[in-house]
Amino acid sequence: DAKTTQPPSMDCAEGRAANLPCNHSTISGNEYVYWYRQIHSQGPQYIIHGLKNNETNEMASLIITEDRKSSTLILPHATLRDTAVYYCIVRNTGGKLIFGQGTELSVKP
Amino acid sequence: GAVVSQHPSWVICKSGTSVKIECRSLDFQATTMFWYRQFPKQSLMLMATSNEGSKATYEQGVEKDKFLINHASLTLSTLTVTSAHPEDSSFYICSAREGRTSGETQYFGPGTRLLVL
């Protein structure tokens, strides 16, 4: 199963773009990249996912490199409410989401 | 996105009792449901996967007789922690997915906090 590597923590100024990197160098051709976030004491919230192409929705943008070995989640205008742990997950062939340690994003005023 | 609910949101019980947690998909039919556990300052750990009408598949190290999972309908799965002990105190989170393919999005419930005294 493909694993992901994320920085343990990041800071971002309120109103600025938050760019969260993720490495998944062993990803297989049919595996999707998923991003979730977990605000303290809540269940994870789905953000976005992609296979090959860049994706954008009302929450964020997902940029996947051409070789698919890494991706970046972009929150265009971070707010204090975006403070959370962000998980980058590659779904394995069995279809299960296996969580790593994620990146703890702190948005500061 | 799709909504997944859990009940109760928190529960306190005495050691040796059993606790049932319900997970419901409110606006979609969940072919597959998942149960996770999360200890303080740790990431989510997958406990088991269940498909509607089938027996659950447990991850390595998770006792199936300790954590009973029932997925009797396409909108409801239950997790029963039998003979709970203080070490079972944790944050239990369910998740549901509409289809079986790897591209289907998985949605999470708000979690149930269990404290065993």
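I will try to describe carefully the structure that is included in this document. If you're wondering where the values come from, they're calculated on a predicted model, not measured in any experiment.

Another point: the overall build of chain A. Secondary structure summary: chain A contains zero helices and nine strands in total. Mapped from its N terminus to its C terminus, chain A presents α and β elements in the order β-β-β-β-β-β-β-β-β. For chain A, the C-alpha radius of gyration of 13 Å lies close to 13 Å, the compact-globule estimate for 109 residues. Its C-alpha atoms give chain A principal-axis dimensions of about 40 × 30 × 25 Å. Here chain A holds 109 residues, and 45% of them are scored as buried. In chain A, once contacts between residues fewer than 6 apart in sequence are set aside, the share between residues at least 24 apart is 54%. When the accessible surface of chain A is summed, it comes to about 5600 Å², and 48% of that surface belongs to carbon and sulfur atoms. Between the centroid of the 10 positive side chains of chain A and the centroid of its 10 negative side chains there is a distance of 3 Å.

Between chain B and chain A, the contact holds 22 residues from the first and 21 residues from the second. For the pair chain B and chain A, the summed buried area comes to about 1600 Å², and 50% of that belongs to carbon and sulfur atoms. Where chain B packs against chain A, one counts one salt bridge. We note a salt bridge from Glu59 of chain B to Lys96 of chain A, for which the minimum N-O separation is 2.9 Å. Applying the counting criterion to the chain B and chain A interface returns 10 residue pairs in polar contact (both at pLDDT 80 or more).

All right, on to the state of the cysteines then. All names here are of chain A. Taken as a whole and assessed by the stated rule, the structure comprises two disulfides over all chains. In this model Cys22 forms its disulfide with Cys88; the gap between the sulfur atoms is 2.1 Å. With the S-S bond torsion at -80°, the cross-link from Cys22 to Cys88 turns out left-handed. Of this pair, Cys22 sits in strand β2 (residues 18-23) while Cys88 sits in strand β8 (residues 84-90), and the two are 66 residues apart along the sequence. Since its relative accessible area comes to 2%, Cys22 is described here as buried.

What counts, and where the lines are drawn
Residues numbered from 1 in each chain as written. Chains lettered and ligands numbered in written order. Predicted model: local features only at pLDDT ≥ 70, side-chain atom pairs only at ≥ 80, totals over all residues. Heavy atoms only, no water. Helix = DSSP H or I, 4+ residues; strand = E, 2+ residues; numbered from the N terminus. Rg over C-alpha atoms; globule rule 2.2 N^0.38 Å. Buried < 20%, exposed > 50% of the residue type's maximum accessible area, 1.4 Å probe, protein only. Contact = heavy atoms within 4.5 Å. Areas by Shrake-Rupley, 256 points an atom, 1.4 Å probe, with all protein chains shown as cover. Lys, Arg positive; Asp, Glu negative; His and termini not counted. Charge placed at Lys NZ, Arg CZ, Asp CG, Glu CD. Buried area = accessible area lost by both parts, 1.4 Å probe. Salt bridge = Lys/Arg side-chain N within 4 Å of Asp/Glu carboxyl O. Polar contact = N/O pair within 3.5 Å; in protein donor to acceptor, adjacent residues only side chain to side chain. Disulfide = S-S within 2.5 Å.

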